[in-house]
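Breakdown of the fold
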Amino acid sequence: MTKRQNQEERSRQTQARVTQATIECILEKGIRATSTVDVARLAGVSRGALVHHYPSKTLLMQAALEDLLSREVESVREMAVKVKAGELNFDSLLKALHEHFKGDLYMVTLEYLTNARTDPDIMKVLVPLAAKFNDSLEQIWEQLVASSKHTSHQNRVALNATLCMMRGMGAQSIWRDDPKLYRDMLLFWKETLLELGFSAPDAQRSEPA
């Protein structure tokens, strides 16, 4: 490995530590209370090294959210591949999506959403990354449920209705811990999708575990 390759690898490792530390700080303190000093300390790098890669807090917030959403897309894509291969059923896919939208990573994205309402810098960060995230999920969904029964627009509406429901349950889980209700809601929504003709290949009408 050449000296330049070594430097590039060290740079990637530093960026990975910094973005992960940013996500952890946001989860613990929220965006407004997270400082570059906090992030540098948690990442184990100097503030100078952090500023070298991310000259402003806005750029740091952008990099952290982009990294988070990219990992989420890859995770969903892997689940979709398993569904198509028969290794995961439609019920399990919906349940897994629900887990994504109620865990720590979703709580971080919720921080971005709430702050974007009053912070134009966070709004500028959020809008393009969220659009890219949704476009990626729509492509995955389209390939998963594609059939002659529905148009691309209908597939898109079904996915976004599903995502809105998942986000709503994720937000509600902050103040309402009711696993049975959420399980029943997932069952209701799965049955609704199936009755409308939306399903992965060979989807079974079994209740989510």
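Described below are features of the structure shown in this document. (Residues numbered from 1 in each chain as written. Predicted model: local features only at pLDDT ≥ 70, side-chain atom pairs only at ≥ 80, totals over all residues. Heavy atoms only, no water.)

The subject of this paragraph is the packing of helix H7 (residues 120–145) against helix H8 (residues 152–172). Running from amino to carboxyl end, H7 crosses H8 at an angle of 120°, the nearest separation of the two axes being 9 Å. Classified by the angle between their axes, H7 and H8 sit oblique to one another. When you trace H7 past H8, the crossing you get is right-handed. For the pair formed by H7 and H8, the contact residues are Phe133, Asn134, Leu137, Glu138, Trp141, Glu142 and Val145 on the first element and Ser152, Asn155, Arg156, Ala158, Leu159, Asn160, Thr162, Leu163 and Arg167 on the second. When the residues that make up the contact of H7 with H8 are grouped by side-chain class, the tally is 7 nonpolar, 5 polar and 4 charged. (Axes fitted to C-alpha atoms, helices over the stretch in contact; angles between N-to-C directions. Helix = DSSP H or I, 4+ residues; strand = E, 2+ residues; numbered from the N terminus. Parallel < 35°, antiparallel > 145°, perpendicular 65-115°, else oblique. Left-handed = near helix turned anticlockwise from the far one by under 90°. Contact = heavy atoms within 4.5 Å. Nonpolar A, V, L, I, M, F, W, Y, C, P; charged D, E, K, R; others polar.)

A few words on the pattern of salt bridges. One pass over the full model with this rule turns up 11 salt bridges. Close ionic contact of Glu9 with Arg12 constitutes a salt bridge, the shortest N to O distance being 2.8 Å. With a gap of 3 residues between them, Glu9 and Arg12 both fall in helix H1 (residues 3–29), about one helical turn apart. Residue Glu9 is classed as partly exposed on the basis of its relative accessible area of 29%. With a shortest N-O distance of 2.5 Å, Arg77 and Glu74 are connected by a salt bridge. Residue Arg77 and its partner Glu74 are located together in helix H4 (residues 57–84), separated by 3 residues, close to a single helical turn. Through salt bridges with shared partners, a single network forms among Lys29, Asp38 and Arg41. (Salt bridge = Lys/Arg side-chain N within 4 Å of Asp/Glu carboxyl O. Buried < 20%, exposed > 50% of the residue type's maximum accessible area, 1.4 Å probe, protein only.)

Judged by nonpolar contacts, the single largest core of 59 residues is most densely connected at Val18, Leu65, Phe90, Tyr112 and Leu193. Only H1, helix H2 (36–43), H4, helix H5 (90–100), helix H6 (104–116), H7, H8 and helix H9 (179–195) provide two or more residues apiece to this core. By residue number, the principal contributor to this core is H4, which donates 12 residues. Residue contacts for Tyr112: discarding those within four places in its chain leaves Ile26, Ile31, Met61, Ala64, Leu65, Ile122, Val125 and Leu126. (Core = buried A, V, L, I, M, F, W, Y, C linked by side-chain atoms within 4.5 Å.)

Turning to the environment of Leu88, a few remarks are in order. On the secondary structure map, Leu88 appears in the loop between H4 and H5. Accessibility expressed as a relative area gives 22% for Leu88, which makes it partly exposed. The residues contacting Leu88, other than those within four sequence positions of it, are Met79, Lys82, Val83 and Leu93.

What follows is about the packing of aromatic side chains. Under the counting rule described, the total for this entry stands at 2 aromatic pairs. Aromatic pair Phe101 and Tyr106: ring centres 5.6 Å apart, planes at 65°, arrangement edge-to-face. (Phe/Tyr/Trp six-rings, centres within 6.5 Å; stacked < 30°, edge-to-face > 60°.)

Turning our attention to the environment of Thr114. As for its position among the elements, Thr114 is in helix H6. Accessibility expressed as a relative area gives 48% for Thr114, which makes it partly exposed. Sequence spacing of Thr114 and Ile31 is 83 residues, and the spatial spacing of their C-alpha atoms is 9.7 Å.

Under the 1.5 Å per step criterion, the end-to-end length of H8 is 30 Å for 21 residues, consistent within 8% with the ideal 30 Å. Listed in full, the buried residues belonging to H8 are Asn155, Ala158, Leu159, Thr162, Leu163, Met165, Met166, Met169 and Gly170. Buried positions in H8, seen along its axis, are confined to an arc of 160° and lie on one side of it. Every exposed residue of H8 that faces more than 90 degrees away from the buried side is listed here: His153 and Cys164. Of the surrounding elements, those touching the buried residues of H8 are H5, H6, H7 and H9. (Expected span 1.5 Å × (residues − 1). Arc of directions from axis to C-beta.)

You can see Leu137 is positioned in helix H7. Taking the C-alpha atoms as reference points, Leu137 and Gly170, separated by 33 residues in sequence, lie 18 Å from one another. Among residues more than four places away in sequence, those in contact with Leu137 are Val76, Leu159 and Leu163.

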